[in-house]
Amino acid sequence: MTDSYEPPKVWTWEKDSGGQFASTNRPIAGPTHDAPLPVGEHPLQLHSLATPNGVKVTVLLEELLEAGHDAEYDAWPIRIGDGAQFGSGFVEINPNSKIPALIDRGVAPHRRVFESGAILIYLAEKFGAFLPTDPGPRAEVLSWVMWQMGSAPFLGGGFGHFYSYAPEKWEYPIDRYAMETKRQLDVLNRELADKTHIAGDDYTIADMAIWPWYGQLCLGRLYDAAEFLDVASYGNVVRWAETLDARPAVRRGRMVNKLNGDPAMQLHERHDGSDFEHRTQDKLEG
Ligand SMILES: N[C@@H](CCC(=O)N[C@@H](CS)C(=O)NCC(=O)O)C(=O)O
């Protein structure tokens, strides 16, 4: 990092900043092109991608289905590397241009929901599951959902960005965000010392919010950073992460709208429970 940079009086957008995603980063909101969204046959229409923020919602939907709720949904991929989050249809359902976003067409008027935490709460309330109704336990679950929403940008946008995606390795930001990420892992590790789940003994949307980020980090799936952050030292988080990872609905949730990696784990579009069997990329390409 050059230490001679002197910020100008007024920042202007003159060049992209380099690094992964630079081609889609921009300092203005709003749509860049016309692109109506597709509509499937189910009331719930999810537009997303299998990043940690997307996986939170697909895990919840698959858990709801597994528990017998009528939560059938269509899931459509938004190719953020190609700028699809700036298409007019997507911007209508999320003015912030980030996945995930949901449309509930089962209510009149149709309802849009954006921000993964808001989608988790909306679905948990709609189906009366994975979120207690008693004010005390409910406050505990919502506290952890909000903790996740506030904390993960330091992990993803901070640590992940500078450790994996930035055009060069700079010690200052990597140090700063590695320290904060490890502090957050320690928060979880202490909490999970005497509980099976993050908000108590029940599996809730707090676990579903936190697992795709911190659980997958401890399973070595995020940023290739397990060794660097010594995730093995957070034994309680690792145990919890492995327990959730073994759930069939979590495995299915990870597959939905996944566009890279093992073809057998990629289900680009999800319209029916049988798609996991018949429409993964290995089957479509084979
Ligand atoms: N706070 C948002 C964050 C969503 C988010 O950052 N989504 C990323 C993928 S994980 C995205 O769509 N990035 C595209 C972009 O920034 O242009 C949420 O939790 O829903």
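Overview of the structure. (Residues numbered from 1 in each chain as written. Predicted model: local features only at pLDDT ≥ 70, side-chain atom pairs only at ≥ 80, totals over all residues. Heavy atoms only, no water.)

**With respect to the overall build of the protein chain**
The condition is simple: We count a stretch as a helix when DSSP gives it H or I for four or more residues in a row; a strand needs E for two or more, and each element gets its number in order from the N terminus. We compute the radius of gyration from the C-alpha atoms alone; for a globule the expected value is 2.2 Å times N to the 0.38, where N is the number of residues. Categorising residues by exposure relies on relative accessible area from a 1.4 Å probe, with only protein chains included: less than 20% of the type maximum marks a residue as buried, more than 50% marks it as exposed, and the intermediate range marks it as partly exposed. The contact criterion used is simple: two residues touch if any of their non-hydrogen atoms lie within 4.5 Å. Under the convention used here, a 1.4 Å probe and the Shrake-Rupley method define accessible areas, while residue burial counts only the protein chains that appear. The charge count includes Lys and Arg as positive and Asp and Glu as negative, but it does not include His or the ends of the chains. By convention, the charge on Lys lies at NZ, on Arg at CZ, on Asp at CG and on Glu at CD.
A count of helical and extended segments in the protein chain gives ten helices and four strands. The order of α-helices and β-strands along the protein chain, N terminus first, is β-α-β-α-β-β-α-α-α-α-α-α-α-α. Taking 2.2 N^0.38 as the reference for a compact globule, 286 residues should give roughly 19 Å; the C-alpha atoms of the protein chain span a radius of gyration of 19 Å, in line with that estimate. Each principal axis of the C-alpha distribution contributes one length, and for the protein chain these read about 60 × 50 × 45 Å. Here the protein chain, with 286 residues, has 47% of them falling under the buried criterion. Contacts in the protein chain between residues at least 24 apart in sequence constitute 65% of all its contacts with a sequence separation of at least 6. For the protein chain, the exposed surface amounts to about 14,500 Å²; the carbon and sulfur share of it is 52%. Looking at the protein chain, you have 27 positive and 41 negative side-chain charges, and the mean spots of the two groups are 2 Å apart.

**Observations regarding helix 6 (residues 205–218)**
Note the following rule: Take the number of residues in a helix, subtract one, and multiply by 1.5 Å to get its expected span. Note that the bend at a residue is defined as the angle between axes fitted to the seven residues ending at it and the seven residues starting at it.
With 14 residues, helix 6 extends 19 Å from end C-alpha to end C-alpha; this agrees with the ideal 20 Å at 1.5 Å per step. When the local axis directions of helix 6 are compared, the greatest deviation, roughly 60°, occurs at Trp211, which is followed within four positions by the proline Pro212. Burial of helix 6 is extensive: 14 of the 14 residues sit out of reach of the surface.

**Some details on the environment of Leu123**
Mapped onto the elements of the fold, Leu123 is located in helix 3 (residues 116–127). Along the backbone, Leu123 and Leu60 are 63 residues apart, and their C-alpha atoms lie at a distance of 8.1 Å. Once residues within four sequence positions are removed from consideration, Leu123 is found in contact with Leu44, Val57, Leu60, Leu61, Leu64 and Leu102.

**Overview of the pairing of strand 4 (residues 111–114)**
If a strand is regular, its side chains alternate between the two faces of the sheet. Stated formally: Any two strands are treated as partners once DSSP identifies two or more bridges connecting them.
Alignment of strand 3 (residues 101–104) against strand 4, held across four bridges, turns out to be antiparallel. Counted as the bridge partner of Ile103 is Arg112 from strand 4. Where strand 3 folds back onto strand 4 in an antiparallel hairpin, the turn is made up of six residues.

**Section: the sheet that holds strand 2 (residues 73–77)**
Just so we agree on the cut-off: Lines fitted to C-alpha atoms define the axes, with helix axes restricted to the stretch in contact, and inter-axis angles between N-to-C directions lie between 0 and 180 degrees.
Strand order in the open sheet formed by four strands is 2-1-3-4, with mixed pairing between adjacent strands. For this open sheet the edge positions go to strand 2 and strand 4, each flanked by a neighbour on one side alone. Geometrically, the sheet is characterised by an average inter-axis angle of 20° between neighbouring strands, direction not taken into account. One ladder, built from five bridges, connects strand 1 (residues 44–48) with strand 2; its direction is parallel. Bridge pairing in strand 2 places Leu46 opposite Ala75. Each of strand 1 and strand 2 touches helix 1 (residues 52–66); the most contacted strand, strand 1, lies at about 150° to it. Here helix 3 sits on the sheet in contact with strand 1, strand 3 and strand 4, set at roughly 130° to strand 4.

**A closer look at the site of the ligand**
Rules: Consider each residue's heavy atoms; a residue with any of them within 4 Å of a molecule or strand counts as near. Definition of a polar contact: a pair of N or O atoms within 3.5 Å, with one able to donate and the other able to accept a hydrogen when the atoms are protein atoms, and with sequence-neighbouring residues admitted only if both atoms are side-chain atoms. Only Asp, Glu, Lys and Arg are considered charged in this grouping, and only Ala, Val, Leu, Ile, Met, Phe, Trp, Tyr, Cys and Pro are considered nonpolar; every other residue, Gly among them, is considered polar.
Neighbouring residues of the ligand: Thr51, Asn53, Lys56, Ile80, Gln85, Lys98, Ile99, Pro100, Glu115, Ser116 and Met149. One of the side-chain N or O atoms of Glu115 is found 2.7 Å from a nitrogen atom in the ligand. Calculation on the ligand without its partners gives an accessible area of 510 Å², and the protein chains cover 78% of this total. For the shell around the ligand, a count of residues per class yields four nonpolar, four polar and three charged.

**Some remarks on the side chain of Glu63**
Within the element layout of this structure, Glu63 appears in helix 1. Taking relative accessible area as the criterion, Glu63 reaches 2% and is therefore assigned buried. Those residues in contact with Glu63 that lie beyond four places of it in its chain are Phe130, Tyr203, Met208, Arg247, Ala249 and Val250.

**A short note on the pattern of salt bridges**
This is how the line gets drawn: Definition used for salt bridges: Asp or Glu carboxyl oxygen within 4 Å of a side-chain nitrogen of Lys or Arg.
According to the stated counting rule, one finds twelve salt bridges in the structure shown. Among the ionic pairs, Glu72 bridges to Arg270, the shortest N-O distance being 2.6 Å. Of this pair, Glu72 sits in the loop between helix 1 and strand 2 while Arg270 sits in the loop between helix 8 (248–255) and helix 9 (275–278), and the two are 198 residues apart along the sequence. For Glu72, a relative accessible area of 22% corresponds to the partly exposed category. A residue is classified by how much of its surface remains accessible, and Arg270, at 1% relative accessible area, is buried. Notably, a salt bridge pairs Asp245 with Arg254, separated by 3.8 Å at the nearest N-O pair. The class of Arg254 is buried, set by a relative accessible area of 17%. Residues joined in a network through salt bridges with shared partners are Glu62, Glu66, Glu72, Arg252 and Arg270.

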